[in-house]
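Examination of the molecular architecture
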Amino acid sequence: MTTYKLPPIQSSEITPRELFYNRRRFMQLAAGASLTALFSDSVLAGEQLANVKKSTDSLADELTPYKDVTTYNNFYEFGTDKEDPSKNAGSLKTRPWTITVEGEVNKPKVFDIDELLKLAPLEERIYRLRCVEAWSMVIPWIGFPLAELLKQVEPTGNAKFIEFISLHDPEQMPGQKSATLNWPYKEGLRIDEAMHPLTLLTVGLYGEVLPNQNGAPIRIVVPWKYGFKSAKSIVKIRLVEKQPVSSWMEAGPNEYGFYSNVNPAVDHARWSQAKERRLGDFLKRPTLMFNGYGDQVAQLYAGMDLSKNF
Ligand SMILES: Nc1nc2c(c(=O)[nH]1)N[C@H]1C(S)=C(S)[C@@H](COP(=O)(O)O)O[C@H]1N2
Ligand SMILES: [Mo]
């Protein structure tokens, strides 16, 4: 048996970011359980994901500490306060779990989550998440492009939009006993947005299986849109001809549009979107058009009036 020397640093001196990167380096060395367990104890809590392709993203922003990422959440199925999901999401059972893909496809299919995990190699993507409430985070997500799943089911020529539907089960999701939103949570994208290589089906973060409060076992992450477009705990994906109506559009049609692209120039009906507070920061920073992903996605909206199509 090989033994490995621990780094000459106190765990109290390590920031989550450093811990994350040190941890990954040592895991490559050790590929064993003991060291992983040692490090998991301090900050990271969940089950590790294996064979994840390392991030090639050049995002210079500091990662948001794991603790903030997993205790400051929006997941109304578990309550409307930011701490509610981390406190209450333990009641969510993430196995067995299936995702039904139906509608305008040649090969409709019910995927078991574990089968889905084998569809494409998992990769880490460091993306910003910018909430419509003007806070933001930077998270090392783990997943694969949604396009990989869509290829499997062969969308027809009528598939112009895609709808995501989250789990509806008030026993597991006590927030659904209140009519805070129309349940189940529904979101949608235009098909070209869904097929875009940045759009990620996400199963993990910070090297781990997705914590329940972040949308386990599988959620969407669309980095250039406000956070609410990234539906959590998805059980159904429907390809459709007409633009779907999301739960937030039903809740406030003049406040939440279908597109919801991050846009500092278009205010929300009740507050400015010009600035945001990165969790952990004191001062606000300017919000970037398309959350900083304009080079990759602006052409999707060429010729559209983005204040009308908000
Ligand atoms: N099913 C479901 N998905 C959801 C939500 C929700 O309430 N229910 N909240 C959204 C909102 S408003 C945001 S900002 C992000 C938050 O993701 P995070 O908690 O992982 O940061 O999840 C989105 N996905
Ligand atoms: Mo949000």
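These notes cover the structure that comes with them.

Thresholds, definitions, all that
- Residues numbered from 1 in each chain as written.
- Chains lettered and ligands numbered in written order.
- Predicted model: local features only at pLDDT ≥ 70, side-chain atom pairs only at ≥ 80, totals over all residues.
- Heavy atoms only, no water.
- Near = heavy atom within 4 Å.
- Areas by Shrake-Rupley, 256 points an atom, 1.4 Å probe, with all protein chains shown as cover.
- 1 Å grid on protein atoms, 1.4 Å probe; cavity = no way out; pocket = protein on both sides within 12 Å on 5 of 7 lines; lining within 4 Å.
- Sits in = over half its atoms within 2 Å of the grid points.
- Nonpolar A, V, L, I, M, F, W, Y, C, P; charged D, E, K, R; others polar.
- Phe/Tyr/Trp six-rings, centres within 6.5 Å; stacked < 30°, edge-to-face > 60°.
- Helix = DSSP H or I, 4+ residues; strand = E, 2+ residues; numbered from the N terminus.
- Buried < 20%, exposed > 50% of the residue type's maximum accessible area, 1.4 Å probe, protein only.
- Lys NZ or Arg CZ within 6 Å of the ring centre and 35° of its normal.
- Contact = heavy atoms within 4.5 Å.
- Points joined across faces, edges and corners; volume = space filled by probe spheres on them.
- Pairing = 2+ DSSP bridges.
- Axes fitted to C-alpha atoms, helices over the stretch in contact; angles between N-to-C directions.

Another point: the site of ligand 1. In the neighbourhood of ligand 1, 18 residues make up the surrounding shell, with Tyr76, Glu77, Arg219, Ser230 and Lys232 lying closest. Here ligand 1, which alone exposes 530 Å², has 99% of that area covered by the protein. The pocket occupied by ligand 1, as judged from atoms lying within 2 Å of grid points, is the largest pocket. A breakdown of the residues in the shell around ligand 1 according to their chemical character gives 9 nonpolar, 6 polar and 3 charged.

Here we come to the packing of aromatic side chains. Taken as a whole, this structure holds 12 aromatic pairs when the rule is applied. Considering the side-chain rings of Phe75 and Phe78, the 4.9 Å spacing of their centres and the 80 degrees angle between planes classify their relative orientation as edge-to-face. Judged by centre distance (6.2 Å) and plane angle (55 degrees), the rings of Phe228 and Trp248 are tilted. Linking Phe228 in the loop between β9 (219-221) and β10 (234-240) with Trp248 in helix α8 (residues 247-251), this pair joins segments that are 20 residues apart in sequence. In this pair, the class of Phe228 matches that of Trp248, namely buried. Looking at Arg128, its charged tip hangs above the ring of Tyr293, at a distance of 5.7 Å from the centre. Above the face of the Phe258 ring, Lys229 is positioned so that its terminal group lies 4.4 Å from the ring centre.

Once that is clear, we can look at the side chain of Ser233. Inspection of the secondary structure assignment puts Ser233 in the loop between β9 and β10. Ignoring any residue separated from it by four or fewer positions in sequence, one finds Ser233 in contact with Phe75, Leu92, Trp97, Ile165, Ser166, Leu167, Met173, Gly215, Ala216, Ile218 and Arg219.

With that out of the way, let us pick up the layout of surface pockets. Of the voids in this model, the largest pocket is the one considered here, and its volume is about 420 Å³. Lining of the largest pocket is provided by 28 residues; of these, Asn74, Phe75, Tyr185, Gly227 and Phe228 occupy positions nearest its centre. No other element matches strand β4 (residues 135-145), which puts 4 residues into the lining of the largest pocket. For the lining of the largest pocket, a count of residues per class yields 18 nonpolar, 6 polar and 4 charged.

Strand order in the open sheet formed by 5 strands is β2-β1-β10-β5-β6, with mixed pairing between adjacent strands. In the strand order of this sheet, the two ends are held by β2 (109-112) and β6 (186-190), each with one partner. The sheet shows a mean angle of 15 degrees between the axes of neighbouring strands, taken without regard to direction. Sheet analysis places strand β1 (residues 98-103) next to β10, joined by 4 bridges and oriented parallel. Across the sheet, the residue bridging to Thr100 is Lys236, located in β10. Sitting on the sheet, helix α6 (residues 146-153) is in contact with β1, β2, β5 (161-166) and β10, with an inclination near 135 degrees to β2.

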